[in-house]
Amino acid sequence: MDNSVKREKDIKWRALVVIGFFFGVCLNAPYAFASEDESPVVSYINSEALGRKIMPYLASVQLDENIPEQYRSSTKAIAKLWEEYSTHFQGYTTVKDVPFTLIVPDRIDEGELDKSEFKTQEFLFDHTVPGALVEVKDQNTYINLNQRPVHINLSCIDMLMAYEINQSAKVLTKRNITEHLSLVFIVGNLTDSGNHSASANTKLNKRNIKENNRYNEPQRLEMKNVTKEQVTSKENRIGQYLMNFLAGMKSGTKVFQHFFSSSNLSQLTDHSAYMVFIPSDTAFQRWHPIDWGFYPFSVQEFTETVLRNHLVRVKQPLRMADLRATSTEHRFKTLGGEYVVLKNKPSPNVNNVSILSDYNLSNGIQVYTLSEVLFVSEAIVSRLHQMHKDKETPPLLAFPWFGAQFLSHSFLTLERDSRFTQITRFLNTAEIAQFISGSNYTFFVPTDEAFERYSFDLLPDSVLASEKGVNMLLNHFIRGRLYDRDLKDEEVIETVGGMPVKIQRSFENVVRVNSARIVESEVFVYNLGTMFYVDDVLYPNLLRDDVKMITDFRSVDGNVPDTAGIEGFTTDQLPVGTDRPTSSTFRALLGLLTTSADVEFIPSEVTERAKLKTGEKLKLNYDEIYQECP
């Protein structure tokens, strides 16, 4: 008896030890057992810097020698801040043998720091990365001295692919100063708590998405700051002279005039002389699609870069008379960084593009009109097209819905993909064209597996075309074109069907819309809108009763008989990724049990209309969405 009691206590003691060990491991490694729904562990390139309180040693570093002239002022400003405040940062050790990377913003406003040690420390530590950031690669993530992530991503900037940091700061270039110090120069600022808080509190809805044009137009390039005196002084505005000249031209340069007037280049304010190369309207027309297709100058960043490469700042412009009088080549660097070569043979030309005419303007401006657009080729336009499919104009479709071009092109795209047989059946059955007319929409498209998870593939067309079916489908559309960058964490957006959806974005860019995970982003439907493919149906509860009603008709006791060799059936939502039996035998058997007469007797529409009249229609508000989302 004593032995059995002792054995029982021993077993309990061992069980407690095992349980304690398990919880200890969980506490020390909370992400070791993370499920797919939880945020994955961030893998830092410089993981050895986690938790280390170290600072770079900059006292003996000569920063002027290897730094381009345009970045020297900001580099000196950040070095000055380190020199003044580094001794005030308590608990940190200055080290000489550890490599560091300073991320240098293009503009450092010391007034915003307000001589605050706390703000200055946050700013410097946000822009300092332990380790040599020599290789700037897509999806690389580092940790800075504030123990915050610094994420590198590859994006389309200007006409080429370029890198950004934390999706906000454009990387300009980098320099290795010493063995233990590298500099990365950026446009932007990694410390902007005001914007972060504003973003977190901003809630988009149907109204402000439709009215806010930021979803369809690229952001203007950052414009040079000008003083009030410069803005009001027309004699200093070089762009004003050029605009007056273009306005006086009766024909031939209207396209360039339009692009130049809407660009930042029209705000040039220095006293330098300029040479301006203006392509003719015919030169631009060459790149315009005949009926539909991609027009490269619909990409504003690309157009701005092209314009910059048609302006040259010089001490003395090269006049046509001087060009004709010499046989030598004249080489100049444009504002965009490219080079133009002017030659007289066989006829006056710029980079082998013929000069059509020339004009001498006041204030030191020499204008040449050209037969072609410089620095634009088929290869460049093709590459630009691949990066900006959202700018391509579509062919006009008369079928299936002439008045709903986005819906029509989306339907044809999904119809060619074997993953979307259910949504195409849904679109073909439900009459929603009147609600999704025209263009400028976002469509969250569930896969076939998502519909089969709730057995919606068993629903007859009459249910899909019912008021509930149409409403559920409309809750997958957003008015306003959203890009991946617009899906902000914690934002709530109203659908065309009137229901709110909540966006959840992890640091590893796993994005969910309510419970649906986005499995493929930014499927552009020409310039009409955007589709996002998701692995779950939004608001499936709207049709759950109809699924149950159909299954009740197929078996007296409401279940599929076990003797049929079929697994149990339920309309409850299964976890994402759980497979539901969809064998051909299962579907065929349930199909045989349903006749057209059965479908006619299903009172789903009558029931729904009755609910609508008595005010019982399901309608969540913005507060309830947080209970609906996991």
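Residues numbered from 1 in each chain as written. Predicted model: local features only at pLDDT ≥ 70, side-chain atom pairs only at ≥ 80, totals over all residues. Heavy atoms only, no water.

In this structure, what is going on with the sheet that holds strand S18 (residues 477-479)? I would like to understand it.
Within a sheet, neighbouring strands are paired by backbone hydrogen bonds and run either parallel or antiparallel to one another. Strand order in this open sheet of 7 strands is S18-S17-S23-S22-S21-S20-S19, and the pairing throughout is mixed. The open sheet has two free edges, formed respectively by S18 and strand S19 (492-494), since each of these has just one partner strand. Ignoring strand direction, the axes of neighbouring strands in this sheet form an average angle of 30°. With 6 bridges connecting them, strand S17 (residues 441-446) and strand S23 (residues 529-534) associate as parallel partners. Counted as the bridge partner of Val 445 is Tyr 533 from S23. (Pairing = 2+ DSSP bridges. Helix = DSSP H or I, 4+ residues; strand = E, 2+ residues; numbered from the N terminus. Axes fitted to C-alpha atoms, helices over the stretch in contact; angles between N-to-C directions.)

How do you make sense of the pattern of salt bridges when you look at a structure like this?
When charged atoms on two side chains of opposite charge get close, those side chains can pair. Under the counting rule described, the total for this entry stands at 12 salt bridges. Note that Glu 304 and Arg 308 form a salt bridge whose closest N and O atoms lie 3.9 Å from each other. One end of the pair, Glu 304, and the other, Arg 308, are both in helix H11 (residues 300-308), 4 residues apart, so they sit about a helical turn from each other. A relative accessible area of 26% means that Arg 308 is categorised as partly exposed. (Salt bridge = Lys/Arg side-chain N within 4 Å of Asp/Glu carboxyl O. Buried < 20%, exposed > 50% of the residue type's maximum accessible area, 1.4 Å probe, protein only.)

Looking at this structure, how should I read the environment of Pro 279?
Relative to the assigned elements, Pro 279 resides in strand S10 (residues 273-279). Residue class for Pro 279 comes out buried when judged on its relative accessible area of 1%. Excluding its chain neighbours within four sequence positions, the residues that come into contact with Pro 279 are Gly 252, Phe 256, Phe 284, His 310, Leu 370, Glu 372 and Val 373. (Contact = heavy atoms within 4.5 Å.)

I tried to follow unusual backbone geometry on my own but got confused; where do I start?
A negative phi angle is the norm for most residues apart from glycine, just as the trans form is the norm for most peptide bonds. Cis geometry marks the peptide bond from Lys 345 to Pro 346; its omega dihedral reads -5°. Secondary-structure assignment places Pro 346 in the loop between strand S13 (339-343) and strand S14 (349-350). Along the chain, Phe 399 connects to Pro 400 via a cis peptide bond; the corresponding omega equals 0°. Position of Pro 400 among the secondary structure elements: in the loop between helix H13 (378-387) and helix H14 (405-415). Look at Ser 455: it is not a glycine, yet its phi comes out positive at around 60°.

Honestly, the pairing of strand S9 (residues 181-187) in this entry has me stumped. Any pointers?
Looking down a regular strand, the side chains alternate between one sheet face and the other. When you tally the buried positions in S9, you get 6 out of 7 residues, the bulk of the element. Both strand S8 (residues 169-178) and S9 contribute to a ladder of 7 bridges, which runs antiparallel. Note that in S9 the partner of Thr 173 across the bridge is Phe 185. Here S8 folds back onto S9 in antiparallel fashion, the turn holding 2 residues.

Just checking my understanding: could you explain the side chain of Gln 366 for this structure?
In this structure, Gln 366 sits in strand S16 (residues 365-370). On the accessibility criterion, Gln 366 (0% relative accessible area) is buried. Gln 366 has contacts with Tyr 274, Met 275, Val 276, Pro 317, Leu 318, Arg 319, Asp 358, Tyr 359 and Asn 360, leaving out every residue within four places of it along the chain.

I keep staring at the packing of aromatic side chains and nothing clicks. Help me out?
Ring pairs (aromatic) are described by centroid distance and by the angle formed between their planes. Applying the stated criterion across every chain, the model contains 23 aromatic pairs. When the ring of Phe 245 is compared with that of Tyr 359, the centres are 5.1 Å apart and the planes differ by 55°; the resulting orientation is tilted. Taken together, the residues Phe 245 in helix H8 (residues 238-248) and Tyr 359 in strand S15 (residues 353-361) connect sequence positions 114 residues apart. For Tyr 359, a relative accessible area of 29% gives the class partly exposed. Aromatic ring contacts, followed pair by pair, group Phe 259, Phe 284, Tyr 295, Phe 297 and Phe 302 into a single cluster. Here the basic side chain of Arg 485 rests over the ring of Tyr 483, its NZ or CZ set 4.4 Å away from the ring centre. (Phe/Tyr/Trp six-rings, centres within 6.5 Å; stacked < 30°, edge-to-face > 60°. Lys NZ or Arg CZ within 6 Å of the ring centre and 35° of its normal.)

Would you mind showing me how to read helix H9 (residues 254-261) here?
It helps to recall that an α-helix has 3.6 residues per turn; residues three or four apart then point in one direction. Within the sequence span of H9, burial applies to Phe 256, Gln 257, Phe 259 and Phe 260. Considering only its buried residues, H9 is in contact with H8, S10, helix H10 (281-285), H11 and strand S11 (311-314).

For this particular structure, what's the right way to read the packing of helix H15 (residues 421-429) against helix H18 (residues 467-474)?
Between two packed helices, both the angle of their axes relative to each other and the distance between the axes serve to describe the pair. Axis separation between H15 and H18 bottoms out at 11 Å; the angle between their running directions is 125°. In terms of their interaxial angle, H15 and H18 are classed as oblique. As for the relative orientation of H15 and H18, their crossing is left-handed in sense. Facing H15, whose interface residues are Ile 423, Phe 426 and Leu 427, H18 presents Gly 469, Met 472 and Leu 473. Classifying every residue of the contact of H15 with H18 gives 5 nonpolar, 1 polar and no charged. (Parallel < 35°, antiparallel > 145°, perpendicular 65-115°, else oblique. Left-handed = near helix turned anticlockwise from the far one by under 90°. Nonpolar A, V, L, I, M, F, W, Y, C, P; charged D, E, K, R; others polar.)

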